[in-house]
Amino acid sequence: MQISLNTSHTISPSFNPNTRIQMETATLLILCLLVAALFLFKHNASSPLWNIQGPKSSSFILGHLRELLQRPAGLAEFEWQRTYGDVVRIRTSFGSEQLVVSDPKALQHILCSGYKWRRSPVRREMGRLTSGKGLGWADGETHMRHRKLMTPGFRATETQKFLPIFIACAEAMSSEWKKIISKSGDQSCVFDLTDHLSHATLDAIGLAAFDYDFGSISNHENELAKAYEGLTAKAFRAPSNMGLIMLDLFRLIPSAVMEFMNDHNPRLETLHHVAHVGKGVAKQLIAQKVDEIEQGTPNTDIYTSLVQSNLSESFKSRLSDEELVAQMSCRTLLFGGHETTTNSICWAAYELARNTELQDQLRTEIKSTERKIADRGEFEFTLNDYEEMPLLNAICKETLRFHPIALHLFRTANEDDVIPLSKPIVGKTGQLITEIPVSKGTRIVGSCSAYNRNLTIFGEDAHEFNPNRWLEGRVKTENNLGFPYANLATFAAGARSCIGWRFAVAELQTFIVVLLRNFAIRDTPKLTRIRRESALTMVPAIEGELDKGTQLPIRVYLGDS
Ligand code: HEM
């Protein structure tokens, strides 16, 4: 996840107080960075990680940051994993070091250690920028308090209640498509799925999480929906080299200074605007929910559940109004639950569009389940029906394995620790290393994409998209290391694992079912140039057209052929 920190904007010659604040901020920043670089240089001279192997870096200033964050998603990690094993030492800015970890036991140890390993300060700051001081920002005790209050809204029983919303949103998008296709003359149209799905999933999260109707499938005028339009493309994109260095060194700057600089950074105006509009809507919603609860007519949305559990907590454990507002703003629920599902559905559609045989097999499974539902006198799918559809589940699992949209989990050791390994790695001295002692402050990046290609767990063909591995029972799940879904790292694990994973899986299942019962989807020539781009989430883009942002052009036919 990166914030674009392009520094090429021009400074107006006319003096004004804002300009002075910006210049002072820039000077302060440069000074801080110089001191930081000097500190790092001295600090890294004697590293306890000296025996861990990793690639040579061609740049002292940038280390491997470009390979990790500017190349197509996952490629560098796959190469490093193949060459050096499941723990690799890389360089970041000014010779600093970081471990890239895809070893299952090591990841489980780090992610499930309570708060022994913390989210990095820069990632927390991103959480604050996108959602205020909500769950994504909170740490330690505060995080535990936020998480406890939010959990009831995400249980399996709640997810079942959201299914009609997901179906309605997917059907509304399909109706729009049918209208457009019927006017086209040849029974088919090319749709950019990133755009259409983004509207449909925004409506779904709005209704399920807040009982708030963005109505964005048919109407693009809602202020909050407009603020969200293309947010990832506008605010988050692959950072420049300078952006990479600053992101890496920000960890050495006191958080109050970092917050001040970001709050006054005109480049982050889009995020400030979204936060401002989101806060206004959140305040209205809190008042409405409290009112409904007091009248004895509470809704079933996630936010009502949060306000309800908050009211029932002892005063000391309650969230403040500011914290409740933060849960509503973008990252916490809207961001957490919008772009993530949009892109996962896109990747499933991409795979299905390129494999018509698989698509036909799945359509047969959908039709046979529809007959079963009709036989019991009902009309719509339930979570149980999805559960009993082996191919649907295999495709969802394989999509989430092969295309994990949250690529990296950044963590910093909060105390000295020893990381255990599932499989020894060979040290620089040729010795086998079975555990890695690390000191407080050690930084790791957990690689979801590399873990999800682990040959021992997922099979020798782990680098191929093949749903059959799940149908044939070839995936090792018996030693599940705490990952919430299918032994995949896609939703992380432990105290900070994805709170919305059930929601995400049910929404993915629903959109696939509704798409295939209404349409046949097919490849377009541009799909041969698809690139997995690392923005805030892993998004589809077209090689040679990266400046156009996210794109997934798919040909859609009415009916099933
Ligand atoms: C396919 C879809 C999704 C994927 C792959 C995904 C993945 C993740 C991952 C990897 C994390 C941990 C990030 C870290 O610790 O650095 C996370 C956290 C989170 N996710 Fe998701 N997510 C998805 C959908 C959702 C949905 C639908 C919601 C809400 C409706 C949601 C809400 C959250 C929240 C609130 C957190 C922060 C949890 C905490 O810090 O305690 N996510 N997600």
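The following refers to the structure shown. (Residues numbered from 1 in each chain as written. Predicted model: local features only at pLDDT ≥ 70, side-chain atom pairs only at ≥ 80, totals over all residues. Heavy atoms only, no water.)

## Describing the site of the ligand
Neighbouring residues of the ligand: 28 residues in total, closest H143, R147, G336, R411 and C498. Residue R147 places a side-chain N or O atom 2.7 Å away from an oxygen atom belonging to the ligand. Between the ligand and the protein, one listed contact pairs an oxygen atom with a side-chain N or O atom of R411 at 2.8 Å. Going through the elements one at a time, helix 6 (140–150), helix 16 (330–353), strand 5 (408–413) and helix 23 (501–518) are the ones with two or more residues in the shell around the ligand. (Near = heavy atom within 4 Å. Polar contact = N/O pair within 3.5 Å; in protein donor to acceptor, adjacent residues only side chain to side chain. Helix = DSSP H or I, 4+ residues; strand = E, 2+ residues; numbered from the N terminus.)

## Section: the coordination of the iron atom of the ligand
Coordination of the iron atom of the ligand by the protein involves just one donor, C498 (SG), at a distance of 2.3 Å. Among the structural elements, C498 can be located in the loop between helix 22 (468–471) and helix 23. (Donors = N, O, S within 2.8 Å, 3.2 Å for Na, K, Ca; no water.)

## Observations regarding the sheet that holds strand 3 (residues 117–119)
The five strands lie next to each other as 1-2-8-5-3, forming an open sheet whose pairing is mixed. Each of the sheet's edge strands pairs with one partner strand only, and the pair in question is strand 1 (87–91) and strand 3. Here the strands of the sheet are splayed against their neighbours by 35° on average, with no regard to which way each runs. The strands touched by helix 3 (residues 75–84) are strand 1, strand 2 (97–101), strand 5 and strand 8 (443–447); relative to strand 1, the strand with the most contacts, the crossing angle is about 125°. (Pairing = 2+ DSSP bridges. Axes fitted to C-alpha atoms, helices over the stretch in contact; angles between N-to-C directions. Contact = heavy atoms within 4.5 Å.)

## Description of the packing of helix 5 (residues 121–131) against helix 12 (residues 255–263)
Where helix 5 contacts helix 12, the two axes come as close as 11 Å, and the packing angle between them is 40°. Taken together, the axis directions place helix 5 and helix 12 in an arrangement best described as oblique. Here the hand of the crossing between helix 5 and helix 12 comes out right-handed. Seen from helix 5, the contacting residues are P121, E125, R128 and L129; seen from helix 12, they are M258, E259, N262 and D263. Taken together, the residues of the contact of helix 5 with helix 12 sort by class into three nonpolar, one polar and four charged. (Parallel < 35°, antiparallel > 145°, perpendicular 65-115°, else oblique. Left-handed = near helix turned anticlockwise from the far one by under 90°. Nonpolar A, V, L, I, M, F, W, Y, C, P; charged D, E, K, R; others polar.)

## Overview of the sheet that holds strand 12 (residues 553–558)
Backbone hydrogen bonds hold the strands of a sheet together, and the pairing may be parallel or antiparallel. Read from one edge to the other, the open sheet built from three strands follows the order 4-12-9, with strand pairing classed as antiparallel. For this open sheet the edge positions go to strand 4 (188–192) and strand 9 (519–522), each flanked by a neighbour on one side alone. The mean inter-strand angle of the sheet, taken between neighbouring strand axes irrespective of direction, is 35°. In this sheet, strand 12 lies alongside strand 9 in antiparallel orientation, the contact comprising four bridges. For R522, the partnering residue across the bridge sits in strand 12 and is R555. Across the sheet, helix 23 is in contact with strand 9 and strand 12; its angle to strand 9 comes to roughly 100°.

## As for unusual backbone geometry
What is expected of a backbone is that most residues other than glycine have negative phi and most peptide bonds are trans. Its identity as a non-glycine residue notwithstanding, Q187 has a phi of 65°, on the positive side. With a phi angle near 60°, N487 is a residue other than glycine that sits in the positive phi range. Of note, N487 is situated in the loop between helix 22 and helix 23.

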